[in-house]
Amino acid sequence: MDTLSYKTVSANKKTVNKEWVVLDAEGQSLGRLASIAAKFIRGKYKPNYTPHVDCGDNVIVINAEKINLTGKKWDAKEYLRYTNYPGGQRSLKASELFEKDPTRLIEKSVKGMLPKNKLGAALFKNLKVYVGSEHDHEAQKPKSINVNELV
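Each residue is numbered by its place in its chain's sequence as written, counting from 1. Whole-chain, interface and lining totals are the exception, using all residues; otherwise, since this is a predicted model, local features are given only for residues with pLDDT of at least 70 and side-chain atom pairs are given and counted only at 80 or more. To get the side-chain values, take all heavy atoms of the structure and skip hydrogens and water.

The strand order across the open sheet formed by four strands is 5-2-1-6, and the pairing between neighbours is parallel. Across the chains shown, the open sheet's two edge strands, defined by having one partner strand only, are strand 5 (127-129) and strand 6 (143-145). Strand-to-strand, the axes of this sheet are offset by a mean angle of 25 degrees, without reference to chain direction. Examined bridge by bridge, strand 1 (residues 20-24) and strand 6 share three bridges and lie parallel to one another. Bridging from a neighbouring strand, Leu23 pairs with Ile145 of strand 6. Across the sheet, helix 1 (residues 30-42) is in contact with strand 1, strand 2 (58-62), strand 5 and strand 6; its angle to strand 1 comes to roughly 180 degrees. Contacts are residue-level and defined by heavy atoms, with any inter-residue pair within 4.5 Å sufficient. Helix axes use the C-alpha atoms of the stretch in contact, all axes being lines fitted to C-alpha atoms, and the angles between their N-to-C directions lie in the range 0 to 180 degrees. Numbering of helices and strands runs from the N terminus; a helix is a DSSP stretch of H or I covering at least four residues, while a strand is a stretch of E covering at least two. Across the face of the sheet, helix 4 (residues 102-111) comes into contact with strand 2 and strand 5 while running at roughly 155 degrees to strand 5. Pairing between two strands requires that DSSP report at least two bridges joining them.

Listed below in structure tokens is the structure:
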């Protein structure tokens, strides 16, 4: 029989090549930046993407304080949490959360775009968000990605 036989190659922890990537949030829309970061964390830009394996890159987001929200989302978007006490639902507007900690705004939006299981929790640890243009990961020699070329 003269037929070609191809086998599907699945990535695993040993065969995955994880890199470090820097994304600059200056002037970017929150949702667009978060979706790009989630794709890099998930590994969807790689040819050996496997859905059930952490095959993505480590993502560093800098200039978190310069992120944009379009329209009236600074006042209209609310982040809810529950204290586990009766009547304990608390809410923060996007502007209030941004004043407290600008990194949490990006972290929450990226986390919402990752799987809601153990893999998603492990993938979320691959995200580092910093205020300002300085970060602690120069030793990893991160590759800078222009977000405007990917949109």
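Here the narrative resumes, following the displayed structure.
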